Amino acid sequence: MQPLLVVILAAGKGTRMKSARPKVLHPLAGRSLLGHAMALSREGGATRLAVVVGPGMPQVAEEARRYAVDAAVFVQHQQLGTAHAVLAARDAIASHTGDVCVLFADTPLLTPDTVHRLRDSLGKGSGMAVLGFHAADPTGYGRLLTDAAGSLIAIREDRDASDAERKVTLCNSGVMAFRTPKLVSILERIGNANAKQEYYLTDAVEIARKEGLPVVASTCTEDEVLGINSRDQLAAAEAIWQRRARLKVMRDGATLVAPETVWLSYDTLIGRDVVIEPNVVIGPGVTIEDDVVIKANCHLQGIDRKVSTGVRVRKGAEIGPFARLRPGTDIGSKVHIGNFVEVKNATLDEGAKANHLAYIGDAHVGADANIGAGTITCNYDGFDKGHTEIGAGAFIGSNTALVAPVTIGANAFVGAGSVVSRRDVEPGALTVVRGERKDIPGWAAKIRAAVAKRIAEKK
Ligand code: UD1
Ligand code: CA
């Protein structure tokens, strides 16, 4: 296989998003549109990546480098058309020997398979290939004009098309592949004598034919090339992406009781015989091992801007209902995390249980420890975070505050309602930290009599 340079066009501002952030940085399944385009390029065989960004978009360049340190970033200073945009990456194209593929950064549903197919359609010699699709409503798209033998003659933009050409439903997706050393010269010969006075990449078809290059069209489904220009299209793409991902998870052996209510991320890993009940949201960085049960209404998120160590739920653990797992959480095998329990940056070893109403943050919980309802690890004093260590087999009574940094020894007991701070609890000990109980027999009757007397005197 030839080396492949993929040029990703990301210069559009995306004004229809009505957003302070560039369009290609909006997330889909927990990753930016640009991130999707770069990942699918890599999986589609890219050995080099070039990203064309608009002026004043340092965040887009940064995002490009986050996904591929070696990506070449080019700035297209003025948006003069798709051919002009590709030429912004002239240095990368001119120094490349091998295939070049162009795609748009706002088309995240394209599959690597389709990119491979498009390249395969280039054949042995030189050539150019265009990815087309049959549009339910072709309005606005460039139309693929073919001859009687079915080979591609030209692409006509909607605004420049005749009435007869507008009736064609085979449309240009924008994705193209080239196998020719003449690509730069072809691009340079594209003019802007058209309705939009833009340099259209689509005009490369006619120029390539004049050069004697075979030009072929290959097709994919309309879903795959859904371009995102607005928030409603973003939501539509998310829906398609989620449907695909859920199907894959189920085909790989997990049960989703109500698949349409489970939200996955681009990097979610789910093992076999996992059961996920309705209304579960899984953010980026989550791994769920075999035989885990995630009960209804849970939120799991492994990565945020600060912590990027992920969430792992090990074999046979049970989570929820109504549990929240945050970044840096490692749930051991057969651990039970019950309702209204939040876990952050904590490791729970095999068989530990926190069945109700608890916050476990910046902590290590040993095997088979039992965390009672209402237990809080007080990990933050307003300035610094502190660590809580709970030994194996320890029993933390209900409504306990563990003020970090603090250690509860293995097999120790903490009495309900305790506030444990400063000193560690020895292994095997009992600690009870609460006001002493006082009982006064007959006190209720006495107080009632006294109050009754006072009321009678007032009358
Ligand atoms: C383009 C195609 C059209 C195709 C459609 C598919 C051309 C001339 N037309 O039309 O045949 O059916 O996509 O969605 O190629 N861009 C730049 N710099 C520019 C201009 C565009 O980076 O100067 C980027 C945009 O950010 C966008 C992409 O190229 O991601 C496509 O540009 P856009 O103006 O949306 O082209 P369309 O009119 O949709
Ligand atoms: Ca467009």
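Bear in mind that the values here come from a model prediction, so they are computed numbers and not experimental data.

Q: How would you summarise the overall build of the chain if you had to cite specific residues and measurements?
A: Counting its secondary structure elements, the chain contains 10 helices and 34 strands. A compact globule built from 459 residues should have a C-alpha radius of gyration of about 23 Å, whereas the chain, at 31 Å, is more than 25% larger. For the chain, the spread of C-alpha atoms along the principal axes amounts to about 105 × 60 × 40 Å. Of all intrachain contacts in the chain linking residues separated by at least 6 positions in sequence, the fraction that spans at least 24 positions is 46%. Entry remark: accessible area of the chain is about 22200 Å², with carbon and sulfur atoms responsible for 53%.

Q: Just give me the short version of the packing of aromatic side chains, but keep the residues and values in it.
A: Counted by the stated rule, this structure contains three aromatic pairs. Here the aromatic rings of Phe133 and Tyr141 are separated by 5.0 Å at their centres, their planes lie at 90°, and the arrangement is edge-to-face. Accessibility expressed as a relative area gives 1% for Phe133, which makes it buried. On the basis of relative accessibility, which here comes to 28%, the residue Tyr141 falls in the partly exposed class. When the centroid spacing of 5.3 Å and the interplanar angle of 20° are considered together, the rings of Phe322 and Phe340 count as stacked. Note that Phe322 is positioned in the loop between strand E21 (318–319) and strand E22 (324–325) and Phe340 in strand E24 (residues 336–348), a separation of 18 residues in sequence.

Q: How would you sum up the site of ligand 1? Please name residues and give values.
A: Around ligand 1, the surrounding shell holds 19 residues, and the nearest of these are Gln76, Gly81, Thr82, Glu157 and Asn172. Separating an oxygen atom of ligand 1 from a backbone N or O atom of Gly12 is a distance of 2.9 Å. Interatomic distance of 2.7 Å between a side-chain N/O atom of Thr82 and an oxygen atom of ligand 1. Its free accessible area being 750 Å², ligand 1 has 83% of it covered by the protein chains. If you list the elements that add at least two residues to the shell around ligand 1, you get helix H3 (82–88) and strand E10 (170–179). Looking at side-chain class alone, the shell around ligand 1 contains seven nonpolar, nine polar and three charged residues.

Q: Kindly report on helix H9 (residues 231–251), identifying the contributing residues and their values.
A: Taking 1.5 Å as the rise per residue, H9 with 21 residues should run 30 Å; its terminal C-alpha atoms sit 30 Å apart, in good agreement. Along H9, the positions that sit buried rather than exposed are Leu234, Ala237, Glu238, Ile240, Trp241, Gln242, Ala245, Arg246 and Val249. Check the buried side of H9 and you find it contacts strand E2 (27–28), helix H1 (33–43), strand E12 (255–256), strand E13 (262–263) and strand E14 (269–270). Looking at the residues trailing H9, positive phi occurs at Gly253, about 105°.

Q: Which residues make up unusual backbone geometry, and what values go with them?
A: Backbone torsion omega between Gly320 and Pro321 reads 0°, so that peptide bond is classified as cis. Mapped onto the fold, Pro321 is located in the loop between E21 and E22. In this structure, Pro405 follows Ala404 across a cis peptide bond, with omega equal to 0°. Inspection of the secondary structure assignment puts Pro405 in the loop between strand E30 (401–403) and strand E31 (406–408). The residue Gln197 is not glycine, and still its phi comes out positive at about 50°. In this fold, Gln197 is placed in the loop between helix H7 (183–188) and helix H8 (204–210). The class for Gln197 is exposed, based on a relative accessible area of 60%. With a phi close to 40°, Asn345 is a non-glycine residue in the positive phi region. Position of Asn345 relative to the elements: it lies in strand E24.

Q: Go over the environment of Ile282, please, and point to the residues and values.
A: Inspection of the secondary structure assignment puts Ile282 in strand E16 (residues 280–282). What makes Ile282 buried here is its relative accessible area of 2%. Taking the C-alpha atoms as reference points, Ile282 and Ala254, separated by 28 residues in sequence, lie 15 Å from one another. Contact partners of Ile282, with chain neighbours within four places excluded, come to Trp263, Leu264, Ser265, Thr268, Ile270, Ile276, Ile288 and Leu300.

Reading the values: rules and limits
Residues numbered from 1 in each chain as written. Chains lettered and ligands numbered in written order. Predicted model: local features only at pLDDT ≥ 70, side-chain atom pairs only at ≥ 80, totals over all residues. Heavy atoms only, no water. Helix = DSSP H or I, 4+ residues; strand = E, 2+ residues; numbered from the N terminus. Rg over C-alpha atoms; globule rule 2.2 N^0.38 Å. Contact = heavy atoms within 4.5 Å. Areas by Shrake-Rupley, 256 points an atom, 1.4 Å probe, with all protein chains shown as cover. Phe/Tyr/Trp six-rings, centres within 6.5 Å; stacked < 30°, edge-to-face > 60°. Buried < 20%, exposed > 50% of the residue type's maximum accessible area, 1.4 Å probe, protein only. Near = heavy atom within 4 Å. Polar contact = N/O pair within 3.5 Å; in protein donor to acceptor, adjacent residues only side chain to side chain. Nonpolar A, V, L, I, M, F, W, Y, C, P; charged D, E, K, R; others polar. Expected span 1.5 Å × (residues − 1).

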